[in-house]
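A look at the structure
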Amino acid sequence: VSIDPSASEICSNSPLQLSVNQAGPGFVYSWTASGGNFDDQSSATPVYTMGAPGAYTITVQVTDPATGCEGTATASVVILDAPLVEADNNGPLCIGQTLDLTTDSGAVSYEWSGPNGFSSNDQNPSLSNVTDDNQGQYTVVADFGNGCIGIGSTVVTINESLIVGIDNNGPVCEGDEIILTADAGTAFNWSGPNGFTSTDQTVSIPNANPGTNSGTYTVTVTSGTGCESVATTEVVIERYPTASATATTPV
């Protein structure tokens, strides 16, 4: 009797297929090992699940019910440490940005899985226009092609987009003060007509001029988590009316 292991060395998270060279109708098999366990100890072709890394001895006893003869065989298997797989991502992200997943392992194939049904066989996959549903743990199973499988994971954080309220005090009269306001955020970047810029949350523009200050003002607001939102407001400046007076003279 002899045992045929599919490999003499295998990683600790990989299954080992076994078979025996003696088979026949009604043959009885009894498998034992110095560690680990079998999916079916009475099968002629069991799958062995190993324990901690180390050297293991596997034994099978085969009985021929027709003759009552028994045979015993042993095999040695070395269980290796599972390869280390590092997984990472480019988060924290904001809603709408692109998620980049990476792993630096030298495997021959990869199988990623994650929230919202995500899957990919790329080594370093990307996911564009992320939402809240894409937040959570992503796992990669890396197959090194020698019976060794490594597993790595990374947690992706996706921050909420900022909802910005923006307003102005218009319409204003020519020569009056324009006031622009944004109601949320930690950093502000204003732009507008005639090269206007400001980093204040509330902006004051004195001596409003219809020719140079009328138009669209835009603010890019950054939240405490680094997410940005853009909002606009339209400023209207009314010109002073032209007055004229006449008199009937003489009276």
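Quick look at the structure, then. (Residues numbered from 1 in each chain as written. Predicted model: local features only at pLDDT ≥ 70, side-chain atom pairs only at ≥ 80, totals over all residues. Heavy atoms only, no water.)

Turning next to the pairing of strand 20 (residues 178-182). The side-chain alternation of strand 20 yields one buried face, formed by Ile178, Leu180 and Ala182, and one unburied face, formed by Ile179 and Thr181. Where strand 18 (residues 166-168) and strand 20 come together, three bridges link them in antiparallel fashion. When the bridges of strand 20 are listed, isoleucine 166 appears paired with alanine 182. (Buried < 20%, exposed > 50% of the residue type's maximum accessible area, 1.4 Å probe, protein only. Helix = DSSP H or I, 4+ residues; strand = E, 2+ residues; numbered from the N terminus. Pairing = 2+ DSSP bridges.)

Proline 171 follows glycine 170 through a cis peptide bond whose omega is -5°. Tracing the chain through its elements places proline 171 in the loop between strand 18 and strand 19 (172-173). The linkage connecting threonine 249 with the following residue, proline 250, adopts the cis geometry, with an omega of -15°. In this structure, proline 250 sits in the segment after strand 26 (237-238). Of note in the backbone geometry, asparagine 116 takes a positive phi value of approximately 60° without being a glycine. By the secondary structure assignment, asparagine 116 is in the loop between strand 12 (109-114) and strand 13 (118-120).

This part is about the sheet that holds strand 21 (residues 187-192). Pairing is antiparallel in the open sheet, where four strands are placed in the order 22-21-24-25. Unpaired on one side and paired on the other, strand 22 (196-198) and strand 25 (228-235) mark the two borders of the sheet. Across this sheet, the average inter-strand angle for adjacent strands is 15°, counted without regard to direction. The sheet contact formed by strand 24 (residues 215-222) and strand 25 spans eight bridges and is antiparallel. What sits directly across from tyrosine 217, in strand 25, is threonine 233. (Axes fitted to C-alpha atoms, helices over the stretch in contact; angles between N-to-C directions.)

Another aspect to go through is the packing of aromatic side chains. The tally for this structure, following the rule as stated, stands at four aromatic pairs. Taken together, the aromatic side chains of Trp31, Phe38 and Tyr48 make up a single cluster linked through ring pairs. (Phe/Tyr/Trp six-rings, centres within 6.5 Å; stacked < 30°, edge-to-face > 60°.)

Attention now goes to the environment of aspartate 39. Relative to the elements of secondary structure, aspartate 39 occurs in the loop between strand 5 (37-38) and strand 6 (47-49). Overall, aspartate 39 belongs to the exposed group, its relative accessible area being 55%. Residues aspartate 39 and threonine 49, ten residues apart in the sequence, show an inter-C-alpha distance of 7.7 Å. A polar atom in the side chain of aspartate 39 sits 2.8 Å from the backbone nitrogen of valine 47. (Polar contact = N/O pair within 3.5 Å; in protein donor to acceptor, adjacent residues only side chain to side chain.)

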